Amino acid sequence: MKRISVKSEKHVILTGDRPSGPLHLGHYVGSLRQRVELQHKNKQFIIIADAQALTDNAENPEKVRKNIFEVALDYLAVGIDPAVTTIFIQSLVPELAELTMYYLNLVTIPRLQRNPTVKDEIKQRGFGTGIPVGFFAYPVSQAADITAFKADIVPVGEDQLPMIEQTKEIVRSFNRIYNCFVLIEPKALLSSVPRLPGTDGKGKMSKSLGNVISLCDSADEICRKVKNMYTDPKHLRVEDPGTVEGNPVFAYLDAFDPDKNSLQEMKDQYRHGGLGDVVVKHRLLEVLLAELDPIRARRKEFTQDPAHIMRILKEGTEAAREVASRTLAEVREAMHIDYFVNK
Ligand code: TRP
């Protein structure tokens, strides 16, 4: 995949998360760290995608509601600055739902069935054939999220690439069918750090698999999780040679250890034999806490004033609505369904 340089000119960035649980290290490495960097040089929107979370949590609106607040806290704690980044709640921008209705007509069922991420999620959630229509079609609603803001850059993890592909197709169809240039084709911006595996070494970090380290975990919890982390199962005694590749402890060190030289030395020694897992995990714990302690402290500070958080979300949502409704007016005009507009 070609990497895009987002240095000089100003881009419109849109990205976000489903509020279905607190954010974890996977989110942090995959996207949150980038957002903090990107926010000053670009116009950045962050969507708390509650409507998307409801597509597979229709029976749990309380869970979604509670996590909106938790996710907002995570954002502020990692350094997303509401003075420059617009943080907003998806369901309170109804223009997104309206756009979704129009886009649904531009996408076929077989096209949705091909989405590999949705396919995986359907399997993981055990929907069988009882897939909620809203869940099945959420990539279309995600296209609305992105295009309503005319975002040209979407910083995401690899699992979201199919959504960006789907968005591009919708943009092309829309602009072609309605003979306009209203919608902008977005580009995905991938993190330079590869996706973090779960603490069990399996696949990605995912709350439902119970293999995550959350940004809000206490130091004690992090300590316990690091101690129990999966490593190389063949590395039984300290003298045994160990494997670095696919070993989650080293994957995390790659993502977090600022001292790349000593990390390289540790890897060499581990491969060769003579370096115990306890030592490597100790180093991991040290670098993780160095990064997460200040985040946890800021999170705690923000927790003291919930009204302040709600104000940030309310103001962000109002600002986002203004932008989305401008795009919607253009969309309606292009579709010739702006019936009461005098021309
Ligand atoms: N699908 C994303 C996730 O699961 C959340 C999301 C919703 C999103 N709308 C978006 C991400 C728009 C990027 C752009 O985390």
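Residues numbered from 1 in each chain as written. Predicted model: local features only at pLDDT ≥ 70, side-chain atom pairs only at ≥ 80, totals over all residues. Heavy atoms only, no water.

**What to know about the pairing of strand β4 (residues 153–156)**
If a strand is regular, its side chains alternate between the two faces of the sheet.
Okay, step 1: Side chains I153 and P155 of β4 all project onto a buried face; the interleaved residues V154 and V156 project onto the opposite face, where all are buried too.
Okay, step 2: Here β4 runs beside strand β5 (residues 187–190); their pairing, made up of 4 bridges, is parallel. Note on β5: the bridge partner recorded for V156 is L190.
Okay, step 3: A crossover links β4 with its parallel partner β5, the connecting element being helix α9 (residues 161–177), and its sense is right-handed. (Buried < 20%, exposed > 50% of the residue type's maximum accessible area, 1.4 Å probe, protein only. Helix = DSSP H or I, 4+ residues; strand = E, 2+ residues; numbered from the N terminus. Pairing = 2+ DSSP bridges. Right-handed = clockwise from strand over helix to strand, strands pointing away.)

**A few points about the pattern of salt bridges**
Okay, step 1: Per the stated rule, a full pass over the model turns up 22 salt bridges.
Okay, step 2: We note a salt bridge from R271 to E245, for which the minimum N-O separation is 2.8 Å. Placement of R271 in helix α12 (residues 260–272) and of E245 in the loop between α10 (219–227) and α11 (248–256) is noted, with a sequence separation of 26 residues between them.
Okay, step 3: The class for R271 is partly exposed, based on a relative accessible area of 34%.
Okay, step 4: In this structure E245 comes out as exposed when scored by relative accessible area, which is 53%.
Okay, step 5: Within the structure, one salt-bridge network assembled from shared partners comprises E70, D74 and R299. (Salt bridge = Lys/Arg side-chain N within 4 Å of Asp/Glu carboxyl O.)

**Topic: the nonpolar core**
Okay, step 1: If you look at the biggest cluster of nonpolar residues, it comprises 49 residues, and the most contacted ones within it are L25, Y75, I213, F256 and L284.
Okay, step 2: Formed jointly, this core draws a minimum of three residues from each of two domains, domain 1 (12–197 + 306–334) and domain 2 (219–301).
Okay, step 3: Here I213 is in contact with H24, L25, T199, M205, I222, K225, V226, Y252, L288 and L292, once residues within four sequence places are set aside.
Okay, step 4: Within the second largest apolar cluster, 39 residues are counted, among which are A151, I164, V171 and M335. (Core = buried A, V, L, I, M, F, W, Y, C linked by side-chain atoms within 4.5 Å. Domains from an automatic or database assignment. Contact = heavy atoms within 4.5 Å.)

**Considerations on the environment of R195**
Okay, step 1: Among the structural elements, R195 can be located in the loop between β5 and α10.
Okay, step 2: Along the primary structure R195 and A320 are separated by 125 residues, whereas in three dimensions their C-alpha atoms are 30 Å apart.
Okay, step 3: Sequence-distant contacts of R195, that is, excluding residues within four places in its chain, are made with D159 and K204.

**Description of the packing of aromatic side chains**
Okay, step 1: This structure, assessed with the given rule, holds 8 aromatic pairs.
Okay, step 2: Centre to centre, the rings of F88 and F149 are 5.0 Å apart; their planes meet at 40°, and the pair counts as tilted. Within this pair, whereas F88 is found in strand β3 (residues 85–89), its partner F149 is found in the loop between α8 (138–147) and β4, the two being separated by 61 residues in sequence. Like F149, F88 is buried.
Okay, step 3: Where F250 meets Y270, the ring centres are 4.9 Å apart and the plane angle is 65°; that geometry is what we call edge-to-face. With a gap of 20 residues between them, F250 in helix α11 and Y270 in helix α12 connect regions that are remote in the sequence. (Phe/Tyr/Trp six-rings, centres within 6.5 Å; stacked < 30°, edge-to-face > 60°.)

**A look at the packing of helix α3 (residues 61–78) against helix α13 (residues 277–303)**
Okay, step 1: Where α3 contacts α13, the two axes come as close as 8 Å, and the packing angle between them is 125°. Between α3 and α13, the interaxial angle falls into the category oblique. Note that α3 runs across α13; the crossing there is right-handed. Counted together, E70, L73, D74, L76, A77 and V78 of α3 and I295, R298, R299, F302 and T303 of α13 form the full contact between these two elements.
Okay, step 2: Looking at the contact of α3 with α13 residue by residue, the class counts come to 6 nonpolar, 1 polar and 4 charged. (Axes fitted to C-alpha atoms, helices over the stretch in contact; angles between N-to-C directions. Parallel < 35°, antiparallel > 145°, perpendicular 65-115°, else oblique. Left-handed = near helix turned anticlockwise from the far one by under 90°. Nonpolar A, V, L, I, M, F, W, Y, C, P; charged D, E, K, R; others polar.)

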